[in-house]
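If you want the building blocks of each chain, they are given just below.
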Amino acid sequence: MIAVLALPTPSAYAKLLDEGDNNEGVDVERGNGSGDEAFSLLTLMVSSVEEAFSDAAEVVDDMTEFASLGSASSWPKDPMAGLGLVQNETYCGWASLSSPLDPGDPAWGGNSAADGEVKWKSCAILGPGTPDAPGNLEGRPVELQFFPNAVLAAAAVPPPPDPRVIAERAIRQLQVPAPHISAGPDKAKLAVNLWTWLWIDSPGPLTATAAAGGVSVTATATLDSTTWSLGEPVATGGPYESGPPVTITCQGTGTAPPVGYDWKAQPPCGHKYTWMSAKDRTGGSGKWPITATSNWNVTWQSNTGVSGSTVLNASSTEALEIGEYRTVLVQGPGG
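Residue indices follow the written sequence of each chain, beginning from 1 at its first position. pLDDT decides what is reported in this predicted model: residues at 70 or higher carry local features, side-chain atom pairs at 80 or more are listed and counted, and totals for whole chains, interfaces and linings draw on all residues regardless. As a rule here, side-chain values cover all heavy atoms of the structure and leave hydrogens and water aside.

This part is about the overall build of the chain. Labels follow the DSSP assignment, with helices taken as runs of H or I lasting at least four residues and strands as runs of E lasting at least two, numbered in each case from the N terminus. A tally of helices and strands in the chain yields four helices and 13 strands. Exposed residues in this analysis have more than 50% of their type's maximum accessible area, buried residues have under 20%, and partly exposed residues fall in between, with area computed by a 1.4 Å probe over protein chains only. Burial status across the chain gives 30% buried among its 335 residues. In the form shown here, the chain has an accessible surface area of approximately 20700 Å², with 55% of it arising from carbon and sulfur atoms. Each accessible area value is a Shrake-Rupley result obtained with a 1.4 Å probe; residue values ignore everything except the protein chains displayed when judging cover.

With that out of the way, let us pick up the packing of aromatic side chains. In this analysis, rings of Phe, Tyr and Trp, with Trp reduced to its six-membered ring, are considered paired at centre separations within 6.5 Å, and the interplanar angle assigns stacked below 30 degrees, edge-to-face beyond 60, and tilted for intermediate values. A complete count under the given rule lists four aromatic pairs for this structure. Taking 6.1 Å as the distance between ring centres and 55 degrees as the angle between the ring planes, the aromatic pair formed by Trp108 and Phe146 counts as tilted. With Trp108 in the loop between strand 1 (95-96) and strand 2 (116-122) and Phe146 in strand 3 (residues 142-148), the pair connects residues that are 38 residues apart, well separated along the chain. The residues Trp108 and Phe146 share a single accessibility class, namely buried. Whether a charge sits over a ring comes down to the Lys NZ or Arg CZ being within 6 Å of the ring centre and within 35 degrees of the ring normal. Here the basic side chain of Arg281 rests over the ring of Tyr240, its NZ or CZ set 4.5 Å away from the ring centre.

What follows is about the side chain of Ser316. Position of Ser316 among the secondary structure elements: in strand 12 (residues 307-320). Given the relative accessible area of 14%, Ser316 is considered buried. Pairing of N or O atoms within 3.5 Å defines a polar contact, subject to two protein rules: one partner must be a possible hydrogen donor and the other a possible acceptor, and residues neighboring in sequence count only if both atoms are side-chain atoms. Here Pro179 takes part through its backbone oxygen, which lies 2.5 Å from a polar atom of the side chain of Ser316. The contact criterion used is simple: two residues touch if any of their non-hydrogen atoms lie within 4.5 Å. Apart from the residues within four sequence positions on either side, Ser316 is in contact with Ala178, Pro179, Ile181, Ile290, Thr291 and Ala292.

This part covers the pattern of salt bridges. A side-chain nitrogen of Lys or Arg and a carboxyl oxygen of Asp or Glu constitute a salt bridge if their distance falls within 4 Å. Scanning the entire structure with this criterion turns up five salt bridges. Salt-bridge contacts for Arg164 lead to Asp162; the nearest nitrogen and oxygen are separated by 2.8 Å. The class for Asp162 is partly exposed, based on a relative accessible area of 29%. For the salt bridge of Glu318 with Lys187, the shortest nitrogen-to-oxygen distance reads 2.8 Å.

What follows concerns the confidence of the model for the chain. Chain-level pLDDT for the chain is 75 on average; 66% of the residues reach the 70-or-more range. The quantity known as pLDDT measures the predictor's confidence residue by residue, on a range of 0 to 100. Contacts for the low-pLDDT stretch residues 1-89, under 50 throughout, to residues beyond four places or in other chains number 76 contacts.

Pro163, Ile166, Ala167, Ala170 and Ile171 are the residues of helix 4 (residues 163-172) that are buried. Summarising the axial view, the buried residues of helix 4 lie within an arc of 140 degrees, below the 170-degree limit, and thus occupy one face. Its buried side turned inward, helix 4 meets strand 7 (206-212), strand 8 (215-233), strand 11 (288-302) and strand 12. Directions from the helix axis toward the C-beta atoms define the arc.

This part is about unusual backbone geometry. Cis geometry marks the peptide bond from Gly184 to Pro185, where omega comes out at 20 degrees. Summarising the element assignment, Pro185 is placed in the loop between strand 4 (181-184) and strand 5 (190-191). Of note, Asn193 is a non-glycine position whose phi angle comes to about 65 degrees, a positive value. Along the chain, the position of Asn193 falls in the loop between strand 5 and strand 6 (195-200). Of the residues examined, Asn193 reaches a relative accessible area of 57% and is grouped as exposed.

Our focus in this paragraph is the sheet that holds strand 4. Pairing in this open sheet of three strands is antiparallel, and the strands run 4-6-10 from one edge to the other. Two strands in the sheet have a free side with no partner beyond their single neighbour: strand 4 and strand 10 (270-272). The average undirected angle you get between the axes of adjacent strands in this sheet is 25 degrees. Any two strands are treated as partners once DSSP identifies two or more bridges connecting them. Of the pairings in the sheet, the one linking strand 6 to strand 10 comprises three bridges and is antiparallel in character. What sits directly across from Thr196, in strand 10, is His271. Structural elements are reduced to axes, namely lines fitted to C-alpha atoms, with helices fitted over the stretch in contact, and the angle between N-to-C directions of any two is expressed from 0 to 180 degrees.

A few words now on the state of the cysteines. For this text, the term disulfide refers to a pair of cysteine sulfurs within 2.5 Å. Inspection of the entire model under this criterion finds one disulfide. The disulfide partner of Cys250 is Cys269, and the gap between their sulfur atoms is 2.1 Å. Every disulfide takes its handedness from the sign of the S-S torsion; for Cys250 and Cys269 that torsion is 70 degrees, giving right-handed. Pair noted here: Cys250 is in strand 9 (residues 245-251) and Cys269 is in the loop between strand 9 and strand 10, with a separation of 19 residues, a long-range link. Owing to a relative accessible area of 6%, Cys250 belongs among the buried residues under this scheme.

Hydrogen bonds between backbone atoms are what pair the strands of a sheet, whose relative direction is either parallel or antiparallel. The three strands lie next to each other as 1-2-3, forming an open sheet whose pairing is antiparallel. Only two strands of the sheet have a single neighbouring strand rather than two, namely strand 1 and strand 3. In the sheet, strand 1 pairs with strand 2 via two bridges, with the strands oriented antiparallel. Among the inter-strand pairings, Ser96 is bridged to a residue of strand 2, identified as Lys119. Along the sheet face, helix 3 (residues 149-156) touches strand 2 and strand 3 and points at about 90 degrees away from the line of strand 3.

What follows is the structure, given as structure tokens:
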């Protein structure tokens, strides 16, 4: 960095001498009037004025050398813009010169501007991540290198997009629906100690395709299982105690009970409730809160051969009233 020192004019210095005795903290001493000692006793931040100007002169020389690549004001405002001054200190890469290079410069290597381009870079001696990095910001060396037209043309062609990025777009387009909850055999007459059948609708496989830059990805989602949160707490074998709700996972969607089903047989997806949904157990609603979460397996395939998979979910809520059936003995005719 260039340090600019503001020194007092002779008249200001004389005034300083006149007022020095009345100002605390000002350390001045009168000379013999010849002016030879006028500035010799000022305390400066550097060891001497001569050293400060010497250092500044060296920086100016360096800046003059750097200016041979183009004036500082004309340097492009990109990451490689400025030899440690306006350049991003953590960046190191080749950039175009801001003004034409002398055709006789050795950096051309016998080539001409018709054959390619000479680029430059200036990298810190200490790279990013190194202790005390980036280092030597004011004295970074400048490198020049010739790049043939074929290399420049190849670098100008953007690489194809990452299929995984395109896959994310395709997956977002799948729009997995929230499941529609059903329970039976008769939703209005569910009871403890009897099987409650559980199922959701089956929308079938979902597909979506996304493409960009010549890369195409197709994603396919298939419903794999359904996870149910059934509201009532896990039975402990003792009296009722509140706690985390019972959860089960069924393969696929589950099914509705067919005509003539066996009411004692376990359904493909179902649950036997232990506790009635009394109001004192359900916050006054008289129903157990139910949540069904559909779990979808998603696979995707690109036209470049890259493939992958993930999982999507969707949830819905419902509430079921669970009652109780009781056996009542009725006296028949004749006693």
